[in-house]
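# Observations on the three-dimensional arrangement
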Amino acid sequence: MIPQLKQAIVKAFSTEFDHTVSVEEIKIENTNPQFEGSFTFVVFPYLRVTRKKPEESAEIIGNAVVQELTEIKDFNVVKGFLNFSLKDAYWVEYLESLTQAKRLGTTADKPQKVMVEYSSPNTNKPLHLGHVRNNLLGFSIAEILEYYGHEVIKVNLINDRGIHICKSMLAYQKFANGETPESSGIKGDHLVGKYYVEFDIAHKKELAELVASGMSEDEAKASSTLMNEAREMLGKWEKGDEETLALWNKLNNWVYKGFDASYSRMGVSFEKFYKESETYLLGKKMVMDGLEAGILFQKEDGSIWADLTDDGLDQKLLLRADGTSVYMTQDLGTADLKYADYGMDTSIYVVGNEQDYHFKVLRLILEKLGKTYASGVFHMSYGMVELPEGKMKTREGKVVDADDLMDEMYETAKLRTMEQGKTDGLSDDELHGLYETLGLGALKYFLLKVDPTKRIVFNPSETIDFQGNTGTFIQYTYARCKSVLRNWSDSLTFDTSLELEPTERDLIAHLFGFDAKLEEACKLYSPSIIAQYLYDTAKFYNSFYNQCSILKAENQSLIQFRVGLTAVTVRMLETCGKLLGMQMPEKM
RNA sequence: GGUUCCAUAGCUCAACUGGAUAGAGCAACUGCCUUCUAAGCAGUAGGUUCCAGGUUCGAGUCCUGGUGGAAUCACCA
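Residues numbered from 1 in each chain as written. Chains lettered and ligands numbered in written order. Predicted model: local features only at pLDDT ≥ 70, side-chain atom pairs only at ≥ 80, totals over all residues. Heavy atoms only, no water.

## Focus on the overall build of chain A
Threshold: The way it works is that DSSP assigns letters per residue, a run of H or I at least four long becomes a helix, a run of E at least two long becomes a strand, and they are numbered from the N terminus. Whether two residues are in contact is decided by their heavy atoms, any of which lying within 4.5 Å being enough. Surface accessibility in these figures is a Shrake-Rupley result with a 1.4 Å probe; residues are shielded only by whichever protein chains are displayed. Counting rule for charge: Lys and Arg are taken as positive, Asp and Glu as negative, and neither His nor the chain ends is counted. Charge placement uses NZ in Lys and CZ in Arg. For Asp and Glu, CG and CD serve respectively.
Along its length, chain A carries 22 helices and 14 strands. Across its three principal axes, chain A shows a C-alpha extent of roughly 90 × 65 × 40 Å. In chain A, the proportion of contacts linking residues at least 24 apart, taken out of those at least 6 apart, comes to 74%. Summed over all atoms, the accessible surface of chain A reaches about 28,100 Å², with 47% contributed by carbon and sulfur. Of the side chains in chain A, 66 bear a positive and 88 a negative charge, and the two mean positions are spaced by 1 Å.

## Observations regarding the packing of aromatic side chains
Short version of the rule: Two rings from Phe, Tyr or Trp (for Trp, the six-membered ring) form a pair when their centres are within 6.5 Å of each other. A pair whose planes differ by under 30 degrees is stacked, one over 60 is edge-to-face, and the rest are tilted. Residue exposure (1.4 Å probe, protein chains only): buried if accessible area is under 20% of the type maximum, exposed if over 50%, otherwise partly exposed. Both a distance and an angle decide whether a charge sits over a ring: NZ of Lys or CZ of Arg must be within 6 Å of the ring centre and within 35 degrees of the ring normal.
The tally for this structure, following the rule as stated, stands at 29 aromatic pairs. Ring centres of tyrosine 172 and tyrosine 195 lie 5.5 Å apart, and the angle between their planes is 90 degrees; on these two criteria the pair is classed as edge-to-face. On the criterion of sequence distance, the pair formed by tyrosine 172 in helix H6 (residues 163-175) and tyrosine 195 in helix H8 (residues 188-212) is long-range, its members being 23 residues apart. For the pair tyrosine 172 and tyrosine 195, a shared accessibility class is recorded, and that class is buried. When the centroid spacing of 6.1 Å and the interplanar angle of 40 degrees are considered together, the rings of tyrosine 541 and tyrosine 545 count as tilted. Residue tyrosine 541 and its partner tyrosine 545 are located together in helix H21 (residues 527-547), separated by 4 residues, close to a single helical turn. Taken together through their ring pairs, the aromatic side chains of Phe39, Tyr90, Trp91, Tyr94 and Phe512 make up a single cluster. Over the face of the ring belonging to tyrosine 147 we find arginine 103, whose NZ or CZ atom lies 4.0 Å from the ring centre. The lysine or arginine in question, lysine 299, covers the ring of tryptophan 305, its NZ or CZ lying 3.8 Å from the ring centre.

## Digging into the protein's contact with RNA strand B
This is how it is decided: For this description, a residue counts as near a given molecule or strand if any of its non-hydrogen atoms is within 4 Å of it. In protein, a polar contact requires one atom able to donate a hydrogen and another able to accept it; more generally it is a pair of N or O atoms within 3.5 Å, and residues adjacent in sequence count only if both atoms are side-chain atoms. All residues other than Ala, Val, Leu, Ile, Met, Phe, Trp, Tyr, Cys, Pro, Asp, Glu, Lys and Arg, Gly among them, are scored as polar; the first ten of these are nonpolar and the last four charged.
Asn159, Gln420, Lys422, Arg480 and Ser483 are the nearest of the 64 residues found near RNA strand B. In this structure, a sugar or linking oxygen belonging to RNA strand B sits 3.1 Å away from a side-chain N or O atom of aspartate 314. A distance of 3.0 Å separates a base nitrogen of RNA strand B from a polar backbone atom of isoleucine 550. Breaking the surface near RNA strand B down by element, the ones donating at least two residues are strand E2 (39-42), strand E4 (81-86), helix H16 (402-420), helix H18 (471-485) and H21. For the surface near RNA strand B, a count of residues per class yields 24 nonpolar, 23 polar and 17 charged.

## Some details on the nonpolar core
Let me state the cut-off plainly: Note on terminology: a nonpolar core comprises buried Ala, Val, Leu, Ile, Met, Phe, Trp, Tyr and Cys residues joined through side-chain atoms within 4.5 Å. For the domains described, the bounds stem from an automatic or database domain assignment.
Core analysis: the biggest nonpolar cluster contains 150 residues, and Phe41 and Ile61 have the highest contact counts within it. Tallying contributions element by element places helix H22 (residues 556-579) first for this core, with 11 residues. Domain assignment of the residues forming this core places at least three in each of domain 1 (2-86) and domain 2 (162-276). Residues within four places of isoleucine 61 in sequence aside, it is in contact with Ile9, Ala12, Phe13, Phe17, Phe41, Val43 and Leu82. If you look at the next biggest cluster of nonpolar residues, it comprises 25 residues, including Leu308, Val326, Tyr349 and Leu364.

## Description of the packing of helix H14 (residues 327-342) against helix H15 (residues 356-368)
Keep this limit in mind: Inter-axis angles, ranging from 0 to 180 degrees, are taken between N-to-C directions of lines fitted to C-alpha atoms, where helices are fitted over the stretch in contact. Roughly parallel means an angle under 35 degrees; roughly antiparallel, over 145; roughly perpendicular, 65 to 115; everything else is oblique. For any helix crossing, the convention is left-handed if the near helix is rotated counterclockwise from the far helix by under a right angle, and right-handed if that rotation is clockwise.
Relative orientation of the contacting elements H14 and H15 amounts to 55 degrees, with a least axis distance of 10 Å. Looking at the two axes, H14 sits oblique to H15. The interaxial crossing formed by H14 with H15 has right-handed handedness. Contacts between H14 and H15 pair Tyr327, Met328, Asp331, Leu332 and Ala335 from the former with His358, Val361, Leu362, Ile365 and Leu366 from the latter.

## Regarding the domain arrangement of chain A
How large an interface is tends to be reported as the accessible area lost when its parts come together. Domain annotation of chain A identifies domain 1 (2-86) and domain 2 (162-276). Distance between the C-alpha centres of domain 1 and domain 2: 66 Å.

## Brief notes about the sheet that holds strand E8 (residues 297-298)
Here is the rule: Pairing between strands is defined by DSSP: at least two bridges between them are needed.
Strand order across the open sheet formed by 3 strands is E8-E9-E10, with antiparallel pairing between neighbours. Since the sheet does not close on itself, it has two edges, and those belong to E8 and strand E10 (315-319), each with one partner. Where E8 lies against strand E9 (residues 304-307), 2 bridges are found, and the strand directions are antiparallel. Bridge pairing in E9 places phenylalanine 297 opposite tryptophan 305. The sheet strands contacting helix H13 (residues 283-292) are E8, E9 and E10, and the helix crosses E10 at an angle near 120 degrees.

## Side note on unusual backbone geometry
The backbone phi angle of arginine 51 is positive, close to 55 degrees, even though this residue is not glycine. Owing to a relative accessible area of 75%, arginine 51 belongs among the exposed residues under this scheme. Positioned with a positive phi, asparagine 177 is a non-glycine residue whose angle comes to about 50 degrees. Within the secondary structure, asparagine 177 sits in the loop between H6 and helix H7 (181-184).

## A look at the pattern of salt bridges
Which entries qualify depends on this criterion: Salt bridge, as used here: a side-chain nitrogen of Lys or Arg that lies within 4 Å of a carboxyl oxygen of Asp or Glu.
Inspection of every chain in the model, using the stated rule, returns 24 salt bridges. Between lysine 391 and glutamate 354 there is a salt bridge; the shortest N-O distance is 3.1 Å. Taken as a pair, lysine 391 in the loop between strand E13 (385-386) and H16 and glutamate 354 in the loop between strand E11 (346-352) and H15 lie far apart in primary sequence, 37 residues in all. Among the residues examined, lysine 391 registers a relative accessible area of 49% and is labelled partly exposed.

## What about the sheet that holds strand E5 (residues 113-117)?
Spatially, 5 strands are ordered E7-E6-E5-E11-E12 in an open sheet, and the strand pairing comes out parallel. On the outer flanks of this sheet lie strand E7 (272-275) and strand E12 (377-382), each paired with one strand and no other. Strand-to-strand twist of the sheet, defined as the mean angle between neighbouring strand axes without regard to direction, takes the value 25 degrees. Bridge count for strand E6 (residues 151-158) against E7 is 4 bridges, and the pairing is parallel. Looking at the pairing, asparagine 156 lines up with phenylalanine 273 of E7.

## What to know about the pairing of E4
Counting buried residues in E4 gives 5 out of 6 residues, a clear majority hidden from the surface. Sheet topology places E2 next to E4; 4 bridges connect them, and they run antiparallel. Looking across to E4, one finds that phenylalanine 39 is bridged to phenylalanine 84. Where strand E3 (residues 72-78) lies against E4, 6 bridges are found, and the strand directions are antiparallel. Paired with aspartate 74 across the strands is serine 85, a residue of E4. Between E3 and E4, which follow one another and run antiparallel, lie 2 residues, and lysine 79 among them has a positive phi close to 50 degrees.

## Focus on the side chain of threonine 575
Of note, threonine 575 is situated in helix H22. A polar contact of 2.7 Å, which involves the side chain of threonine 575, links it to the backbone oxygen of arginine 571. Not counting chain neighbours up to four residues away, the residues in contact with threonine 575 comprise Leu104 and Tyr147.

Written out as structure tokens, the structure reads:
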């Protein structure tokens, strides 16, 4: 309908004002709810062409368009705003087309191959709320792109080596007495995380003692036995010391098992895992090649750098004097490996905005090195999740643990459901599934409804809502629709002579807007667009539901139309819910 | 100190990328279950969009300056 409307406006300009405008420059907006109509054309920008007052110009174009398009019922003019209303028959036919559509929403004109890297955890501690946001964002972005028709590869780059990993290994060796997940009953990632914290405690204690014995803080740091032992361990690891590798493998495998459980509960997944231990050396060759080609330069001490001063940035170290690599080196190598593996058009990194500078530099260096895929590298920079007192800090215990949070959501969902007392006849298994669906649904919606680029301040003392603009509200609406549809098994026919209620028309017009929202969500990599749309869908449906009787409407054609509206709504809720990773309950 | 980002109702968030009288939810208040699920619906109240200028038919949105906050500027990742 939008293309036809634009075309008619172009024609009106041509015949009424003898002026040529292109279809592309015509903008059609959704009519503000407080005015009559569905689509709006703003004439202000064209007054120079029409050389008439806004109202008069709009009037002329409106008349011409109504002549041209039979679907247009009427138009009204408020100042420079030209609002079009469509005939109810058009909306009924549109709804009918949706009931028969194979899928909701159009697909991309030019499908691409897109890689989405997300999660990217360290193997020295369990996941926290920050990771949860990352996981849900990454997964949802991947789902949205895939639904829009792109080929998507979800990958996880695991940070499984380095001094921080050695810290937990060392503490485990010293203090654990052979404790295992089995012997302690502690989930693997939490067990390893416990020793990461213990290292920090012991290290701080050691420093304090050294300072008390008369050392300066710097001296204490330099002579700390624990820290030196950790560094020593990292050296052994890099040299491939068997005993160290065995410990490393044992602990990491516990962590992976723990992560698997958390990922699976969150409902996120990956096609491929990259591990830093397998990629950290790859960047070296790229750097050496860059040096040889004169793109990079070497300092007197032998270290190798990229000079980015022409681009308004600093110099960036890429290889230390001793030839070991840094974070950037590894990321260069990984970027190259990813492209060699998949040859994707776009490579999205879902990483917090604290790394904006890093990714700016990464892309720039890839460009300088002449990598063609550099232009496809995109940092999906999202806002950090913070506590009221600031950033989360694992070592100080100031974290909202992912597993704990999911447990709490489950318990709250159980409590709320029991308060409602509407689940008679459900088995224990079904109840368990329902609490999980509701608890995680609330959590997912809570995190995804917010614009990804904005930071989230999470207050653990305020529980996540189950009322209002929440995942629960959407799930409730879904269950409500299902309850109606359970009482209907016949096929549907649509009567185009029906006269619609405003709530019915509003809901269909809203469903009409899905294409634009899906496209926008893809363009911005923003699940919040879908979440917002999903909320509005439920909102419009509930308005309609409260105002109109469905199965007991006055006549058969009205009943069938309203059942059809319910059927399409349920499909939209399910589709969008899936894009956010949310499950929907049949009853609640 | 340099660079980048942010500031909207008491709180949490929107505002279709420059459009109409800035909208939702929570919290408060008022109605609505003999009817397909009231985890809902309808309504009341709540705003100098941080401040001061500028751009134009029109600014929460763009530009300049200021205030307040955050991130980053590692031979950490």
